[in-house]
Amino acid sequence: MKVQLQHLAHARSGDKGDIANIAVFAYEPEFYPLLKAQLTAERFKAFYQGAITGQVLRYEVDNLDALNFVCHGALGGGVSRSLCLDNYGKALSAAVLGFEVELPEAWLDKLRGRHLLTRQERP
């Protein structure tokens, strides 16, 4: 089954100049290998459909069950230089929680906010 990332993880962000730093933390240690396999730097960048124009680097932080993405060309030249006010790191980190992850149906009871699953996500 496919569910949104928000049911498996939360995200934090920071931005400096034209670089956004977005960390994704698995809610449960057993979710982390699944996130490592599916949330690649390539898929992460593709999810934003051109909003990130530069390179995306992914760093695995295994002891924290986290993935850290450093996104170059993500802020339209930087927050103070861009006319796009929604393009801050916080907006990008909130958006990634809509990324779809495939997982076994047996994990349904472990998901956070499972009562909020959309009709498409429900088994």
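Preceding this section is the structure that the text describes.
Residues numbered from 1 in each chain as written. Predicted model: local features only at pLDDT ≥ 70, side-chain atom pairs only at ≥ 80, totals over all residues. Heavy atoms only, no water.

Engineer: Help me understand the environment of tyrosine 32 in this model?
Structural biologist: Assignment of secondary structure puts tyrosine 32 in helix 1 (residues 32-38). Under the relative-accessibility criterion, tyrosine 32 is labelled buried at 5%. Between the C-alpha atom of tyrosine 32 and that of aspartate 65, which follows or precedes it by 33 residues, the distance is 5.5 Å. With near-sequence residues (within four places) excluded, tyrosine 32 lies in contact with Ala26, Glu60, Val61, Asp62, Asp65, Ala66 and Leu67. Within the structure, tyrosine 32 has its side chain in polar contact with the side chain of aspartate 62 (distance 2.6 Å). (Helix = DSSP H or I, 4+ residues; strand = E, 2+ residues; numbered from the N terminus. Buried < 20%, exposed > 50% of the residue type's maximum accessible area, 1.4 Å probe, protein only. Contact = heavy atoms within 4.5 Å. Polar contact = N/O pair within 3.5 Å; in protein donor to acceptor, adjacent residues only side chain to side chain.)

Engineer: When you look at the sheet that holds strand 5 (residues 66-72) in this model, what are you seeing that I'm missing?
Structural biologist: Note on sheets: strands pair through backbone hydrogen bonds, and any given pair is parallel or antiparallel. With antiparallel pairing, 4 strands are arranged side by side in an open sheet as 2-3-5-4. What marks the edges here is a single partner per strand, and that holds for strand 2 (9-16) and strand 4 (56-61). Each neighbouring strand pair of the sheet contributes to a mean axis angle of 15°, computed without reference to strand direction. Bridge analysis of strand 4 against strand 5 gives 6 bridges, and the strand direction is antiparallel. Following the sheet pairing, glutamate 60 is matched in strand 5 by leucine 67. (Pairing = 2+ DSSP bridges. Axes fitted to C-alpha atoms, helices over the stretch in contact; angles between N-to-C directions.)

Engineer: Teacher, can you tell me more about unusual backbone geometry here?
Structural biologist: Most peptide bonds take the trans form, and the phi angle of most residues other than glycine is negative. Of note in the backbone geometry, glutamine 49 takes a positive phi value of approximately 45° without being a glycine. Of the residues examined, glutamine 49 reaches a relative accessible area of 73% and is grouped as exposed. Positive phi, normally seen in glycine, also occurs at aspartate 65, with a value near 55°. Its relative accessible area of 17% is what places aspartate 65 among the buried residues.

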